[in-house]
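The lines below spell out each chain.
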Amino acid sequence: MGLRKNVTEALELPKEIMLNLPLISLIGQEEVTIENYKGILEYDEAQVRIGTAAGILWLQGKGMCLKQLSAECMVVTGRIEKLEFLT
């Protein structure tokens, strides 16, 4: 992956596409959008665990809800208190 990363950086290509990494957008503590994910491992009102190429993304909070879900993107809403990668 070292060569691919170096070429991506040298050519200023989008890392999330070239390196198969998740693109995470956070709007305050109210909403998180995750693109380029692999699957949902666990979901309830207090936490969501999401599989990505970079590891497991763990969201913790209150009243969490899957607002949008497609093959390319998911949107989680609620009071997001913690976002962490588990390796």
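Our subject is the structure that appears above.
The shown structure was predicted, so the numbers you read here are calculated from the model rather than taken from an experiment.

A short note on the sheet that holds strand β6 (residues 73–86)
Here we have 6 strands laid out as an open sheet, ordered β1-β2-β6-β5-β4-β3, and antiparallel in their pairing. Unpaired on one side and paired on the other, β1 (23–27) and β3 (39–43) mark the two borders of the sheet. Ignoring strand direction, the axes of neighbouring strands in this sheet form an average angle of 40 degrees. Where strand β4 (residues 47–52) lies against strand β5 (residues 55–69), 6 bridges are found, and the strand directions are antiparallel. Across the sheet, Q47 pairs through a bridge with Q60, a residue of β5.

Things to note about the pattern of salt bridges
On inspection of all chains with the given rule, the structure shows 4 salt bridges. Of the charged contacts, one joins E81 and K62 as a salt bridge, the two residues approaching to 3.4 Å between their closest N and O atoms. Remark: K62 occurs in strand β5 and E81 occurs in strand β6; sequence separation between them is 19 residues. For E81, a relative accessible area of 44% puts it in the partly exposed group.

A few points about the pairing of β6
As paired elements, strand β2 (residues 31–35) and β6 share 5 bridges and run antiparallel to each other. Bridging from a neighbouring strand, I34 pairs with M74 of β6. Two strands pair when backbone bridges link them, and β5 and β6 are joined in this way by 11 bridges, in the antiparallel orientation. Bridge pairing in β6 places L57 opposite F85.

Some remarks on the side chain of E31
Relative to the assigned elements, E31 resides in strand β2. Residues in contact with E31, not counting those within four places in the same chain, are S25, L26, K67, V75, V76, T77 and I80.

Considerations on the side chain of T52
Looking at where T52 falls in the secondary structure, it is placed in strand β4. A relative accessible area of 9% means that T52 is categorised as buried. For T52, the side chain forms a polar contact with the main-chain nitrogen of A54, separated by 3.1 Å. One polar contact links the side chain of T52 to the main-chain carbonyl oxygen of G55, over a distance of 2.6 Å. Apart from the residues within four sequence positions on either side, T52 is in contact with P22, K38, L57 and F85.

Reading guide: rules and limits
- Residues numbered from 1 in each chain as written.
- Predicted model: local features only at pLDDT ≥ 70, side-chain atom pairs only at ≥ 80, totals over all residues.
- Heavy atoms only, no water.
- Pairing = 2+ DSSP bridges.
- Helix = DSSP H or I, 4+ residues; strand = E, 2+ residues; numbered from the N terminus.
- Axes fitted to C-alpha atoms, helices over the stretch in contact; angles between N-to-C directions.
- Salt bridge = Lys/Arg side-chain N within 4 Å of Asp/Glu carboxyl O.
- Buried < 20%, exposed > 50% of the residue type's maximum accessible area, 1.4 Å probe, protein only.
- Contact = heavy atoms within 4.5 Å.
- Polar contact = N/O pair within 3.5 Å; in protein donor to acceptor, adjacent residues only side chain to side chain.

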